[in-house]
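# Survey of secondary and tertiary structure
Okay, here's what each chain looks like letter by letter:
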Amino acid sequence: MTAAFGWLRKQLAGILALVLVLGLFLVARLPGVSAAEQDAMAGRFRFTPMTIALPAAKKSQSIRTVNKAYKNITAWISSVGAAAAMNDISGSGKADDLCLVDPRSDQVVVTPTPDSGPRYAPFALDPAPALPTWDFMAPMGCVPGDFNEDGRTDLLVYYWGRTPVLFLQKATAAKLDAAAFEPTELVPGEHRGPDGAYNGPMWNTDSATIGDFDGDGHIDIFIGNYFPDSKVLDPREDGGVAMNQSMSHATNSGGKYVYRWAGGSSGAHPSARFADASSGIPPSARFGWTLASSATDIDRDGLPELYIANDFGHDHLLYNKSTPGHVEFGEVTGVRGAGDPKSKVLGNDSFKGMGVDFGDLNHDGLYDLFVSNITTSWGIEESNFQFVNTAKDNADLTGQLKKGVAPFRDESGGTGTAWSGWGWDVKIQDFDNSGENQIAQSTGFVKGQVNRWPNLQELATANDGLVSNPFWWPNAKAGDDIAGDQTLHFFVKSADGRYTDLAPQLGLAVPVPTRGIAVGDTNGDGLPEMAVARQWEEPIFYRNDSPNPGKFLQLKLTTDAPVAPGPLPAAGPPAIGAEATVTTADGKKYLGRVDGSSGEAGRRSFDVQIGLGREVSGPLDVHLQWRDRTGQLRTQDLKLDPGRHCFRLGAAAKEM
């Protein structure tokens, strides 16, 4: 007995520590959502998968050629490029067209959504022969917009191994096909070398977004590059490339650029001119391994703020201080509370910034935002960010932004959205018009047979002096697997305010790495569909067949600028950045905007889509705000019934 008591006394400290840890675990453990409640929540949604028609491919590949210095990490270098945008490209009046980037063929594809019928044959866009190309470039994303201001939807395509290209839709085209688009350089200058091949700046772009940054009434373009300017995909080269100089604060990346609209023309050979206004980006934000971005006017002054999501280091929220003709941003950062880890403070994070979207998650009339990171248990477990706006009201928000403070607090841990996988694109959207936004998120990295997580974990703890050299990186080749069985996630808010992932119940949890998520109402029923780009797999379309949706307000907002006449219909010039606020009788607010291109590689349509729930009745109090083509900030209060409405925005909003 004495010996046992002595042993117990010696072990008492350890036993107490175990009891304390267990007690803290039981106290801190968040309550889960019961299976019965999950089933009831899942019953609100129904998505029907459909195959997307693609044109014949000129080539087929499952991994990219790379610079010899990258030969041991070919799968890593091949892990991005699957992208999807949903919009009205054909002028049908609905967001029933897709612009896809397919890494298997390195094609940029325009195709009808599969629920809209074979309205035209799918086709691929190619800069050549009008513009110079070369063998070792690859498209990474597609951004719709009206870049020459003729009312027809154009497409901005960005690449690795080349500067971006504007594909301007010709007003004279009688058929929607590749010949209906005029390839035009975004970056001015002669990019054709003596041999006829591309010989311009060697950009490696992974993100682009658009908005009227200087408030002059015209749409500008942000470009975020990833790798430093170099021949990443050229297998003839051995060196001249780099990886990130740090896993948490790398800045040896490609540059950040803003191009301000300077003019355009329509007709058989349309044109668009943009001037470099990149000096408006503060020095602290000009470098970083950018994967995603968003231009959203969070303080309602008609000037969009710019969020830059960077891999391997700090993200940046840039407050817009521009004036017409002059772009100027200032960086704002969050305030660290006593219990906040530094990496979860906006602007001071050291996580992997893979995707971003803005939306009001709590009906206070202020934008919140969600940022994807790498959150794999037993792999690299960072945290997603569900940054909730803590300002009292818009005036308080504006005052704090002007002082350099970003009043956002991460609540992902408490709400159940902190951990999902190797995150990428994210979309905040109300898919069943319940009045509560859901969060769709793509995850997964490279799919193969050999588990390389242990090697990656070693790299994550390596000395920063080694990681910038590709030689020291662990193998990630064809056949290797890192998070290859991760799936699409679909977070739905429960009655207690926590979110649960219902992708498995809804048939969305297919074990294939996903990238861009495109969102829009393709058939006019008021329910947004999804198109999901998948890395090295065929893209997939999910028709929204939710069985008992709530009411909605859908707004098609265009400027009152003239539309160039022609044989084909035109979608009209979108009022990028226009915002709508619905206030209901119980004081709840619902926000919507004409989104310029938030996300990683997926783009929502230009339609403003607001779910209202089943109890709301009209007429609704709707506040519109926009800038007209002269740069004048306009507002108008309307009474609208739920449903679809089309407005032309000039000095006043006129319903069509």
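The structure contained in this document is the topic of the report that follows. These figures come from a predicted structure and were not determined experimentally.

## Considering the pattern of salt bridges
Counted under the stated rule, the structure contains 27 salt bridges. For arginine 409, the salt bridge goes to glutamate 411, with nearest N and O atoms at 2.4 Å. On the basis of relative accessibility, which here comes to 26%, the residue glutamate 411 falls in the partly exposed class. One salt bridge in this structure joins aspartate 621 and lysine 639, with 2.3 Å as the shortest N-O distance. Remark: lysine 639 occurs in strand E37 (residues 633-640) and aspartate 621 occurs in strand E36 (residues 620-627); sequence separation between them is 18 residues. Look at aspartate 621 and you get partly exposed, because its relative accessible area is 37%. Put simply, Asp357, Arg593, Asp595 and Arg604 are held in one network by salt bridges that share partners.

## Some thoughts on the packing of aromatic side chains
Under the definition given, this model contains 26 aromatic pairs. With a centroid separation of 5.7 Å and 75 degrees between ring planes, the pair formed by phenylalanine 213 and phenylalanine 329 is classed as edge-to-face. In this pair, phenylalanine 213 is assigned in the loop between strand E10 (205-211) and strand E11 (220-225) and phenylalanine 329 in strand E17 (residues 329-332), connecting sequence segments 116 residues apart. On the basis of relative accessibility, which here comes to 4%, the residue phenylalanine 329 falls in the buried class. A ring pair is formed by phenylalanine 351 and phenylalanine 385, whose centres lie 5.5 Å apart and whose planes are at 15 degrees; its orientation type is stacked. With a gap of 34 residues between them, phenylalanine 351 in the loop between E17 and strand E18 (355-359) and phenylalanine 385 in strand E20 (residues 385-389) connect regions that are remote in the sequence. Both residues of the pair, phenylalanine 351 and phenylalanine 385, count as buried. One aromatic cluster is present, built from ring pairs that chain together Tyr70, Trp160, Tyr226, Phe227, Trp289 and Phe312.

## Regarding the sheet that holds strand E6 (residues 138-145)
Spatially, the four strands line up as an open sheet ordered E6-E7-E8-E9, and their pairing is antiparallel. Each edge of the sheet is formed by a strand with only one pairing partner; in this case those strands are E6 and strand E9 (181-185). Taken over all neighbouring pairs, the strand axes of this sheet differ in orientation by 25 degrees on average, direction set aside.

Thresholds, definitions, all that
Residues numbered from 1 in each chain as written. Predicted model: local features only at pLDDT ≥ 70, side-chain atom pairs only at ≥ 80, totals over all residues. Heavy atoms only, no water. Salt bridge = Lys/Arg side-chain N within 4 Å of Asp/Glu carboxyl O. Buried < 20%, exposed > 50% of the residue type's maximum accessible area, 1.4 Å probe, protein only. Helix = DSSP H or I, 4+ residues; strand = E, 2+ residues; numbered from the N terminus. Phe/Tyr/Trp six-rings, centres within 6.5 Å; stacked < 30°, edge-to-face > 60°. Pairing = 2+ DSSP bridges. Axes fitted to C-alpha atoms, helices over the stretch in contact; angles between N-to-C directions.

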